[in-house]
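The chain contents come next:
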Amino acid sequence: MDITAGQLLSQIEYPSDLRKLTREQLHQVCDELRQFIIDQVSVHGGHFAASLGVVELTVALHYVYNTPYDQLVWDVGHQAYGHKILTGRKSVFHTNRKYHGISGFPNRGESEYDTFGVGHSSTSISAALGMALASKYKGEHDRQHIAVIGDGSMTAGMAFEALNHAGVANANVLIILNDNCMSIDPNVGALKEYLTDISTSHTYNKLRDDVWNMLGKLPVGKKFTRDMASKFEASIKGLVSKSSNLFESLNLRYFGPIDGHNISKLTDTLQDLKDIPGPKLLHVVTTKGKGYSLAEKDQTKWHAPGLFDKITGEIFKKIPEGPQPPKYQDVFGLTMIELAEQNDKVMGITPAMPSGSSLKFMMEKMPDRAFDVGICEQHAVTLSAGLATQGMRVYCNIYSSFMQRAFDQVVHDVAIQNLPVVLCLDRAGLVGEDGATHHGAYDISYMRCIPNLIVFSPMNEEELRNMMYTAQLPEQKSPVVIRYPRGEGVMSDWRKPFAVMPIGKGRKIRDGRDVAILSFGHPGNFVTEACRELMNDGLEPAHYDIRFVKPLDKELLHEVFSRYDKVITVEDGAIRGGFGSAILEFMAEYNYKADVKMLGIPDRLVEHGKPAELHRECGYDAAGIAMAVRQMMSSQVTVSEG
Ligand SMILES: Cc1ncc(C[n+]2csc(CCOP(=O)(O)OP(=O)(O)O)c2C)c(N)n1
Ligand SMILES: CC(=O)[C@@H](O)[C@H](O)COP(=O)(O)O
Ligand SMILES: [Mg+2]
């Protein structure tokens, strides 16, 4: 496919080149930038609709502000493709999210224009405020600090914590609220309704337009002076009285809503706001997927569609040969419905990932029993705990890396009160192209140290289903964590009658002679493959699927350590504090001596790439496991990692 940067875009390497253009030329730059994003994402993949929605905003920001001296912070960063392309990365953009390529999110190590590393939502206001306070302290009074945050990300508690501080911090920070009424799925909650009210209020919009018309009559090119700014502000304040505007009530000057696709209006407004000191919020209304009609119509599907034909809009799917294993997330989503049909106490909670977790199946069918609560992981966990106090059997589904946000809620609200909430950690382990911010690397370590929790990981879809079933049985009175990976499992015939999963019981998959391989969760399938290869070489590895990292199956482990003096542990999680560490603790407790090699995520950041590339890099794909066995057989190892 022919990918060409258009006539103007090809002249822009950095924002300084953009600033040489006339305002009139910015329309063309926006068109070319939008087309470049469509060309690139259709062929190389990645997040799509969010970047299309902020093309004009991105161009206006880099045109008006003196980036990187002025500091621009993108929230989440999945919408920052235009920013990357305009800040020195156009020629390498085809490597976006690929192994050893550029990151799909702003990353401080990648560019001085990426002022703050992101991936998780709702951090931008705190970060920009921190930068603004530092500038104030250093006497850099001319420096501007801008946070761009979406309406979805604004639903998080953290964003409100930052607003609460910004309102009294007297720092020079501009918060741009990019309101497209969408999270990944449609945005939810009272804030969304409030923003829609402001954006659609007829009286408000008429008054606002009057003010803009008045300002438009000012002499062309005349600087928007402080004096005029305060008149402007007073007029706006008249429109949105302190008592009726949420942001004004928090002591932030509120401007907008303005059309986020009108590049002239955006550049004028940003230019004006530069002269207004202190904390302020500009409400910008945009359309997610703007300029690619299919994306505008189905914004969830086009959030990150995978590869597609940019002309027809056909999204390319792998053509399956025979029956295919489902995605774990779908097994979760479909099993929820079955469980809820059998048990009227079963409920489901997701913080803003109805499609990603497949809880949407139940939300559609049983809207009073399954909820999206917005990007609010902490609230999701404590809400589940509250429901559990009333006898509900709640499945709270949170991506492993996003659950990091709710650690205290798991300890304080679930574990200490021993409430039987089921915490389903999707995307556990290395997730692939999203990279370091999104890998579910740490949950084994941060969950297994908490008393009262049961921590389980399935090796296949049937085990996931059976553990979900077991977790809601009346005799099951403790909180349960179920961690499972992104993507497909291994069983196409997974929908079998439910069976009880005995708590704390692992299983022996194959007996052996030379070495015992202990696995936790889906990497057990890599072990199965490795064993096949090793057996061809005449080796006899044993394989145990430990299933529960807490409580450990001590009986099974006594068997392992009384029979084998060479042991390899395999997990899709951080080795430090993880499954391998649990095995070392067991050995220490019972004074077993054996050579142990722990395979898993090493004690360093693993970047982005295809899962298979990352598993290989970390040495726990089938080939890595087989190699570890061979090395162990031929050397005198004691304890080693990676
Ligand atoms: C803490 C956290 N939870 C969930 C996500 C997953 N996530 C990424 S983008 C997104 C939607 C964000 O909506 P918004 O900020 O409005 O941006 P838009 O995509 O609409 O531009 C969500 C839920 C995340 N990145 N971080
Ligand atoms: C930016 C972000 O956090 C999400 O869009 C995330 O990339 C979704 O991941 P999945 O594709 O695994 O649902
Ligand atoms: Mg949004």
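Calculation criteria
Residues numbered from 1 in each chain as written. Chains lettered and ligands numbered in written order. Predicted model: local features only at pLDDT ≥ 70, side-chain atom pairs only at ≥ 80, totals over all residues. Helix = DSSP H or I, 4+ residues; strand = E, 2+ residues; numbered from the N terminus. Rg over C-alpha atoms; globule rule 2.2 N^0.38 Å. Buried ≥ 20, exposed ≤ 12 C-beta atoms within 10 Å, placed from the backbone. Contact = placed C-beta atoms within 7 Å. Near = placed C-beta within 6 Å. Nonpolar A, V, L, I, M, F, W, Y, C, P; charged D, E, K, R; others polar. Domains from an automatic or database assignment. Core = buried A, V, L, I, M, F, W, Y, C linked by C-beta atoms within 7 Å. UniProt positions renumbered as here; feature names shortened; annotations may be inferred. Pairing = 2+ DSSP bridges. Axes fitted to C-alpha atoms, helices over the stretch in contact; angles between N-to-C directions. Parallel < 35°, antiparallel > 145°, perpendicular 65-115°, else oblique. Left-handed = near helix turned anticlockwise from the far one by under 90°. Expected span 1.5 Å × (residues − 1). Right-handed = clockwise from strand over helix to strand, strands pointing away.

(A) Main features of the overall build of the protein chain. Helices and strands together make up the secondary structure of the protein chain, namely 26 helices and 18 strands. A compact globule built from 642 residues should have a C-alpha radius of gyration of about 26 Å, and the protein chain, at 27 Å, falls within 12% of that. Structurally, the protein chain occupies a C-alpha span of about 90 × 55 × 50 Å along its principal axes. Looking at the protein chain as a whole, 51% of its 642 residues are labelled buried. Expressed as a percentage of contacts within the protein chain between residues at least 6 apart in sequence, the contacts between residues at least 24 apart total 78%.

(B) Seen up close, the site of ligand 1. In the vicinity of ligand 1, 20 residues are found, and the nearest of them are Ala50, Ser121, Gly150, Gly152 and Ser153. Grouping the amino acids of the shell around ligand 1 by side-chain chemistry returns seven nonpolar, 10 polar and three charged.

(C) Region of the structure containing the domain arrangement of the protein chain. Parsing the protein chain into structural domains produces domain 1 (9-297), domain 2 (328-483) and domain 3 (507-641). On a C-alpha basis, the centres of domain 1 and domain 2 stand 34 Å from each other. Between domain 1 and domain 2, the residue contacts involve 18 residues of the former and 17 residues of the latter. Partitioned by chemical class, the residues of the side of domain 1 that touches domain 2 number four nonpolar, 12 polar and two charged.

(D) The arrangement of the site of ligand 2 in detail. Residues in close proximity to ligand 2 include His47, Val76, His78, Ile184, Ala304, Gly356, Arg427, Val431, Asp434 and Arg486, which together make up its full environment. In terms of residue class, the shell around ligand 2 is built from four nonpolar, three polar and three charged. If you count residues domain by domain, the shell around ligand 2 takes at least three from each of domain 1 (9-297) and domain 2 (328-483).

(E) Up close: the nonpolar core. Within the largest apolar cluster, 176 residues are counted, with the highest numbers of intra-cluster contacts made by Cys396, Ile482 and Ile625. The residues touching Ile482, leaving out its near neighbours within four places in the chain, are Val422, Cys424, Leu425, Phe456, Leu464, Met467 and Met468.

(F) Main features of the UniProt feature "domain: Transketolase-like pyrimidine-binding" (unreviewed entry) in the protein chain. The residues that UniProt annotates with the feature "domain: Transketolase-like pyrimidine-binding" (unreviewed entry) are residues 326-492. Structurally, residues 326-492 comprises 41% helix and 16% strand, and the distance from its first C-alpha atom to its last is 7 Å.

(G) Molecular detail of the sheet that holds strand 14 (residues 541-545). The strand order 12-14-13-16-17-18 describes an open sheet built from six strands, whose pairing is mixed. In this open sheet, the two strands that pair with only one neighbour each are strand 12 (507-510) and strand 18 (639-641). Shown here is a sheet whose adjacent strand axes are inclined to one another by a mean of 20°, direction ignored. Here three bridges tie strand 12 to strand 14, and the two strands are oriented antiparallel to one another. Considered in strand 14, the bridge of Arg510 is made with His543.

(H) Quick peek at the environment of Arg253. As for its position among the elements, Arg253 is in strand 4 (residues 253-259). For the pair formed by Arg253 and Ile175, sequence separation is 78 residues and the distance between their alpha carbons is 10.0 Å.

(I) Summary view of the sheet that holds strand 4. Reading across the sheet, the five strands line up as 1-2-3-5-4 and stay open at both edges, with parallel pairing between neighbours. Every other strand in the sheet has two partners, leaving strand 1 (71-74) and strand 4 as the edge strands with one partner each. This sheet shows a mean twist of 20° between the axes of neighbouring strands, independent of strand direction. Bridge count between strand 3 (residues 173-179) and strand 5 (residues 280-285): six bridges; the pairing is parallel. When the sheet's bridge partners are listed, Leu177 is paired in strand 5 with His283. Where helix 12 (residues 263-274) meets the sheet, it contacts strand 3, strand 4 and strand 5, and its direction lies at approximately 170° from that of strand 4.

(J) Local environment of unusual backbone geometry. Following Gly256, the chain continues to Pro257 via a peptide bond in cis, the omega torsion being 0°. By the element assignment, Pro257 lies in strand 4. With an omega dihedral of -5°, the bond running from Lys550 to Pro551 counts as a cis peptide bond. Mapped onto the fold, Pro551 is located in the loop between strand 15 (548-550) and helix 23 (554-563). For Arg97, which is not glycine, the phi dihedral falls at a positive 70°. Tracing the chain through its elements places Arg97 in the loop between helix 5 (81-89) and helix 6 (124-138).

(K) Quick look at the packing of helix 22 (residues 524-536) against helix 26 (residues 622-633). Across the interface, helix 22 lies against helix 26 with an axial gap of 8 Å and an inter-helix angle of 55°. Put simply, helix 22 runs oblique to helix 26. The element helix 22 and its partner helix 26 pack so that their crossing is right-handed. Of the residues in helix 26, those in contact with Phe526, Val527, Glu529, Ala530, Glu533 and Leu534 of helix 22 are Ala622, Ile625, Ala626 and Val629.

(L) Quick peek at helix 17 (residues 377-389). Its 13 residues give helix 17 an end-to-end C-alpha distance of 19 Å, which sits within 8% of 18 Å, the value for a rise of 1.5 Å per residue. Of all the residues in helix 17, the buried ones are Glu377, Ala380, Val381, Thr382, Leu383, Ser384, Ala385 and Ala388. Buried residues along helix 17 sit against strand 6 (346-350), strand 8 (393-399), helix 18 (400-403) and helix 19 (407-415). Where helix 17 ends, the next residue or the one after it, Gly391, has phi of about 90°, a positive value.

(M) Main features of the pairing of strand 14. Along strand 14, five of the five residues are buried, which leaves the element largely enclosed by surrounding structure. Taking every second residue as pointing to the same face, both faces of strand 14 are buried, with Pro541, His543 and Asp545 on one and Ala542 and Tyr544 on the other. Relative to strand 14, strand 13 (residues 515-520) runs parallel, the two sharing five bridges. For Ala516, the partnering residue across the bridge sits in strand 14 and is Ala542.

(N) Broad picture of the UniProt feature "binding site: Mg(2+)" (unreviewed entry) in the protein chain. When the UniProt feature table is mapped onto this chain numbering, "binding site: Mg(2+)" (unreviewed entry) sits at Asp151 and Asn180. The greatest C-alpha distance among the annotated residues, which extend across 30 residues, is 6.8 Å, indicating that they converge on a single site. Structurally, the position occupied by Asp151 is in the loop between strand 2 (145-150) and helix 7 (157-169). When residues no more than four places from it in sequence are discounted, the contact partners of Asp151 are Leu177, Asp179, Asn180, Cys181, Asn187, Lys192 and Leu195. Within the secondary structure, Asn180 is located in the loop between strand 3 and helix 8 (190-200). Beyond its immediate stretch of four places on either side in the chain, Asn180 contacts Gly53, Gly150, Asp151, Thr286, Thr287 and Lys288.

(O) Spatial organisation of the pairing of strand 3. The buried count for strand 3 comes to seven of seven residues, which makes it a mostly enclosed element. Residues Val173, Ile175, Leu177 and Asp179 of strand 3 are buried on one face, and the alternating residues Leu174, Ile176 and Asn178, pointing to the opposite face, are buried as well. Assessed by its sense of winding, the connection that carries the chain from strand 2 through helix 7 to strand 3 is right-handed.

(P) Examining the packing of helix 14 (residues 328-342) against helix 21 (residues 461-471) more closely. With their axes 10 Å apart at the nearest point, helix 14 and helix 21 run at an angle of 35° to one another. The element helix 14 and its partner helix 21 pack so that their crossing is right-handed. Residues Tyr328, Val331, Phe332, Thr335 and Leu339 of helix 14 pack against Glu461, Leu464, Arg465, Met468 and Tyr469 of helix 21. Residues belonging to the contact of helix 14 with helix 21 are distributed by class as follows: seven nonpolar, one polar and two charged.

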